[in-house]
Amino acid sequence: MSDTQIRMESKNPSPSTVQPAPGLARRLGLFDATMIVMGGIIGSGIFMNPYVVAREVKTPFLILAVWALGGLIALAAAFIWAELAALRPEVGGQYAYLRDAYHPLVAFLYGWGLLLVIQSGGMAAVAVTFARYFLELTNLPVADWMVAVLALGSLIVINCLGVRAGGSVQSLLMVLKIIAILALILCGLFLAGPQSRSEVAPAGFLDRPASFDLLTAIGAAMVPVLFAYGGWQTASFVSGEIREPRKNLPRALIIGVTGVVILYLAVNFVCVRVLGVSGLANTTTPASDVMRLALGPTGARAIAAGIAISTLGFLSQGMLTAPRVYFAMAEDGLFFKSVGWLHPKTHVPILAIVIQGLFAMVIALSGRYEQILNYVVSVDFIFFGATALCIFVFRRRASATTASPHALPNGRATAPNVARRITSVPGHPVSTALFVVVCWLVVINTVYRYPENTLIGLAILLAGIPAFFFWRWRNTK
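This one's a predicted model, so the numbers in the text were calculated from it and none came from an experiment.

**What about the overall build of the protein chain?**
(1) Moving on: Regarding its fold elements, the protein chain presents 18 helices and 2 strands.
(2) Moving on: For the protein chain, the proportion of contacts with a sequence separation of at least 24, taken over those separated by at least 6, is 84%.
(3) Moving on: In the structure as shown, the protein chain presents an accessible area of about 18400 Å², 69% of it carried by carbon and sulfur atoms.

Encoded structure:
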């Protein structure tokens, strides 16, 4: 296997010499990048989704096993995206990987799905969750949708002030949410004993005989787990604003995802230990219940504040990262040219940020959490699998170019000045292939279990095909 990287087919410069797009400033370091990785993953899911998992699989072993499996999938993804980030350290991240490995249409569909389904849908779900916890704390006589829209609007303004302002707010909120999660874990371990009235969990490892029904139940339980673990890829969107991205972004991905896996497993262990399987399955606020048993009403209010901060941090991260994809699309002539405009002082794509916020607001006003969860997961994991396959494409091209260093896919000649690969996927190609299979099995199972919601998401995605050809025609007109 070659230890070198080459210039891939792209209209962009070589990854070893790539510069940020005109006007974008590299102002984010390793700590900022790590906080962005963790902030893109940790939202409201870990505080709410444990009960959803407990309703699908009903033994402590299966509950923790599902979360552990989700963690392994997320860690495998971190290594895949780390190698991709080292190979293609440019604006747009996953969008650029898909464009350079396959075709601009595939990349456009990803950006289209990101705006209309994946990112906007996830942000809308979390914005509504933030609003509910905020209102629980303040008792303000307003509707939750009003708070959600106000929160999204405030983050639009902050991120329009510049990547440094957005990054600083994101890092602060991420540190606060880590503190909240650690407080939940410690209180559950040392201050809250097992709930005596909880129904005894079923004996053994499985809650039913091994069967197709068990497999589909585990698959259904994986949907909220993977939603809670999702988001590692969004850090790649701001690679054009990270200092030394070929080094810092891969490290941030691996460090950040590993930290999240540890925190998530600890939270679920505490929830099962304190509430029991039955108690966990019969509540919709497991984190609040654990803290209430540990510290009474004060504990419940404290964790509500922590969840509100966590959800706000997730929204901040989404507002910081996703607009860079739309900026890259505009640079490629596949979106409104104005979306690629950078403010001369803040050096951020103002219109792209505003568009992201507005779409999230619209979905927050029109959708339910369960619907959003299902169609976000189904569409997102289609592209996770496709992006992982980029490793095979790029490595095959690298091998061909090593054999003939002047024969690049685009027909241009280049000097054989190649750069060392910073990181590589452990166990490739087996581990990468397994990740792809898991991603697409998740999609199949989600469609099988929730056909109406997932098919809506897929229909929106396919609607992007005529939109792509429209933009291409418009750009060449």
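**Some words on the packing of aromatic side chains**
(1) Moving on: Scanning the entire structure with this criterion turns up 19 aromatic pairs.
(2) Moving on: Taking the centre distance of 5.1 Å and the plane angle of 80 degrees together, the rings of Phe-468 and Phe-469 count as edge-to-face.
(3) Moving on: Exposure remark for Phe-468: the relative accessible area of 0% places this residue in the buried category.
(4) Moving on: Using a relative accessible area of 46% as the deciding quantity, one classes Phe-469 as partly exposed.

**Considerations on the pattern of salt bridges**
Think of it this way: side chains of opposite charge can pair up when their charged atoms draw near.
(1) Moving on: Going through the model one piece at a time under the given rule, you end up with 8 salt bridges.
(2) Moving on: A salt bridge links Arg-99 to Asp-332, with the nearest nitrogen and oxygen atoms 2.9 Å apart. Placement of Arg-99 in helix H4 (residues 94–101) and of Asp-332 in the loop between helix H12 (323–331) and helix H13 (350–366) is noted, with a sequence separation of 233 residues between them. Here Arg-99 and Asp-332 have matching classes, each one buried.
(3) Moving on: Between Lys-247 and Glu-244 there is a salt bridge, with the nearest N and O atoms lying 3.2 Å from each other.
(4) Moving on: Linked by salt bridges that have partners in common, Arg-88, Arg-99, Asp-100 and Asp-332 make up one network.

**Brief notes about the side chain of Ser-236**
(1) Moving on: Structurally, Ser-236 can be placed in the loop between helix H8 (212–229) and helix H9 (245–281).
(2) Moving on: Using a relative accessible area of 1% as the deciding quantity, one classes Ser-236 as buried.
(3) Moving on: In this structure the side chain of Ser-236 is engaged in a polar contact, spanning 3.3 Å, whose partner is the backbone nitrogen of Gln-94.

**Structural notes on the environment of Val-117**
(1) Moving on: Following the sequence through the fold, Val-117 ends up in helix H5 (residues 104–138).
(2) Moving on: Classification of Val-117 as buried rests on a relative accessible area of 1%.
(3) Moving on: Val-117 sits 259 residues away from Val-376 along the chain, and the two C-alpha atoms are 6.0 Å apart.

**Remarks on the packing of H5 against H13**
Any two packed helices are characterised by the angle at which their axes cross and by the distance between the axes.
(1) Moving on: The interhelical angle for the contact between H5 and H13, taken along N-to-C directions, is 65 degrees, at an axis separation of 8 Å. The crossing of H5 and H13 is right-handed. Residues Leu-115, Leu-116, Gln-119, Ser-120, Gly-121, Met-123, Ala-124 and Val-128 of H5 pack against Ile-355, Gln-356, Phe-359, Ala-360, Ile-363 and Ala-364 of H13.
(2) Moving on: Tallied by class, the residues present in the contact of H5 with H13 amount to 10 nonpolar, 4 polar and no charged.

**Regarding a nonpolar patch on the surface**
(1) Moving on: Together, Leu-182, Leu-186, Leu-189, Phe-190, Leu-191, Phe-269 and Leu-295 give the surface a local cluster of nonpolar side chains, amounting to about 670 Å² of exposed area.
(2) Moving on: Among the elements that make up the nonpolar patch, the one with the highest residue count is helix H7 (residues 163–190) (4 residues).
(3) Moving on: As for its position among the elements, Leu-295 is in helix H10 (residues 286–295).
(4) Moving on: Among the residues examined, Leu-295 registers a relative accessible area of 40% and is labelled partly exposed.

**Comments concerning the nonpolar core**
If you look at soluble globular proteins, the nonpolar side chains tend to sit buried side by side.
(1) Moving on: Residues Ile-63, Trp-67, Trp-81, Tyr-264, Tyr-326 and Phe-435 are the most contacted members of the largest nonpolar core, which totals 146 residues.
(2) Moving on: No other element matches H9, which puts 17 residues into this core.
(3) Moving on: Excluding anything up to four places from it in sequence, Tyr-264 contacts Ile-41, Ile-42, Gly-43, Ile-46, Trp-67, Ala-228 and Tyr-229.

**Examining helix H18 (residues 464–476)**
(1) Moving on: The terminal C-alpha atoms of H18 lie 18 Å apart, and with 13 residues this matches the ideal 18 Å at 1.5 Å per residue to within 8%.
(2) Moving on: Among the structural elements, H5 and helix H17 (451–462) are those in contact with the buried residues of H18.

**Let's talk about the environment of Ala-86**
(1) Moving on: Relative to the helices and strands, Ala-86 is located in helix H3 (residues 60–87).
(2) Moving on: Along the primary structure Ala-86 and Lys-247 are separated by 161 residues, whereas in three dimensions their C-alpha atoms are 6.9 Å apart.

Reading the values: rules and limits
Residues numbered from 1 in each chain as written. Predicted model: local features only at pLDDT ≥ 70, side-chain atom pairs only at ≥ 80, totals over all residues. Heavy atoms only, no water. Helix = DSSP H or I, 4+ residues; strand = E, 2+ residues; numbered from the N terminus. Contact = heavy atoms within 4.5 Å. Areas by Shrake-Rupley, 256 points an atom, 1.4 Å probe, with all protein chains shown as cover. Phe/Tyr/Trp six-rings, centres within 6.5 Å; stacked < 30°, edge-to-face > 60°. Buried < 20%, exposed > 50% of the residue type's maximum accessible area, 1.4 Å probe, protein only. Salt bridge = Lys/Arg side-chain N within 4 Å of Asp/Glu carboxyl O. Polar contact = N/O pair within 3.5 Å; in protein donor to acceptor, adjacent residues only side chain to side chain. Axes fitted to C-alpha atoms, helices over the stretch in contact; angles between N-to-C directions. Left-handed = near helix turned anticlockwise from the far one by under 90°. Nonpolar A, V, L, I, M, F, W, Y, C, P; charged D, E, K, R; others polar. Patch = residues over 30% accessible without salt bridge, like charges linked within 9 Å, V, L, I, M, F, W, Y side chains within 5 Å. Core = buried A, V, L, I, M, F, W, Y, C linked by side-chain atoms within 4.5 Å. Expected span 1.5 Å × (residues − 1).

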